[in-house]
Amino acid sequence: MKYVNNKGSQIVLSQSNIESKIFNVRGVQVVLDKGLASFYEVKPIRLREQVKRNTNRFTADFVFQLNEAEVDLMVSHFAIPSKQLLGGYLPYVFTEQGIAAVSAVLKSNKAAEVSIMIMRAKVVLF
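We now turn to the structure provided with this report. These numbers come from a predicted model, not from an experiment.

Parameters and conventions
- Residues numbered from 1 in each chain as written.
- Predicted model: local features only at pLDDT ≥ 70, side-chain atom pairs only at ≥ 80, totals over all residues.
- Heavy atoms only, no water.
- Helix = DSSP H or I, 4+ residues; strand = E, 2+ residues; numbered from the N terminus.
- Contact = heavy atoms within 4.5 Å.
- Areas by Shrake-Rupley, 256 points an atom, 1.4 Å probe, with all protein chains shown as cover.
- Salt bridge = Lys/Arg side-chain N within 4 Å of Asp/Glu carboxyl O.
- Buried < 20%, exposed > 50% of the residue type's maximum accessible area, 1.4 Å probe, protein only.
- Pairing = 2+ DSSP bridges.
- Axes fitted to C-alpha atoms, helices over the stretch in contact; angles between N-to-C directions.
- Phe/Tyr/Trp six-rings, centres within 6.5 Å; stacked < 30°, edge-to-face > 60°.
- Lys NZ or Arg CZ within 6 Å of the ring centre and 35° of its normal.

## Concerning the overall build of the protein chain
So, point 1. Check the secondary structure of the protein chain and you find six helices and six strands.
So, point 2. Going from the N terminus to the C terminus, the protein chain shows its helices and strands as β-β-α-β-β-α-α-β-α-β-α-α.
So, point 3. The long-range share in the protein chain, meaning contacts at least 24 apart out of those at least 6 apart in sequence, stands at 67%.
So, point 4. When the accessible surface of the protein chain is totalled, it reaches about 7,000 Å², and 54% of it is carbon and sulfur.

Set out below in structure tokens:
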């Protein structure tokens, strides 16, 4: 799946690209804030700000913050070279419902398109 960003370049969201961003944490399939932000072409800090500004849309079953042990496990088990690659903080992770909620707080045509692409890809995975 492709779309053209506001700079005129094509962004490809393939099934494998989306799948590579999905992890199993606490028995739930999730996407790291950094991975999700990359799809929407926003900085992870901006995505986290929107979550904090819209807490009524992001319940604990939609988004949660990893603890130190979970970050250590991700680094050791999921070929993440270091904690620094996660941004140097305890990242947030989004469940399928959390990903859908992101499209409600990131209000742009691109956000709507990306959300649809991600949800279509995830239908195969969940």
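Additional details are given in the paragraphs that follow.
## Quick word on the pattern of salt bridges
So, point 1. A full pass over the atoms with the stated rule returns three salt bridges.
So, point 2. Between Arg 26 and Glu 70 there is a salt bridge, with its nearest N and O atoms 2.6 Å apart. Note that Arg 26 is positioned in the loop between β3 (22-25) and β4 (28-32) and Glu 70 in helix α4 (residues 68-77), a separation of 44 residues in sequence.

## Details of helix α2 (residues 33-40)
So, point 1. With respect to burial, α2 is a largely interior element, six of its eight residues being buried.
So, point 2. Taken residue by residue, α2 has Asp 33, Gly 35, Leu 36, Ala 37, Phe 39 and Tyr 40 as its buried positions.
So, point 3. Looking one or two places after α2, you find Glu 41, whose phi comes out positive at around 55°.

## Considering the sheet that holds β4
So, point 1. On the basis of which strands lie adjacent, the open sheet formed by four strands has the order β3-β4-β6-β5 and antiparallel pairing. The two strands at the open ends of the sheet, each matched to only one other strand, are β3 and β5 (63-65). Averaged over neighbouring strand pairs, the angle between their axes works out to 45° when direction is ignored.
So, point 2. Here β3 pairs with β4 via four bridges, running antiparallel.

## Description of the side chain of Gln 50
So, point 1. If you trace the backbone, Gln 50 turns up in helix α3 (residues 44-53).
So, point 2. Gln 50 has contacts with Phe 58, Val 105 and Leu 106, leaving out every residue within four places of it along the chain.

## Thoughts on the packing of aromatic side chains
Aromatic ring pairs are defined here through the distance separating the ring centres and the angle between the ring planes.
So, point 1. By the definition in use, this model includes one aromatic pair.
So, point 2. Cation over ring: Arg 48 sits above Tyr 89, and NZ or CZ is 4.0 Å from the ring centre.

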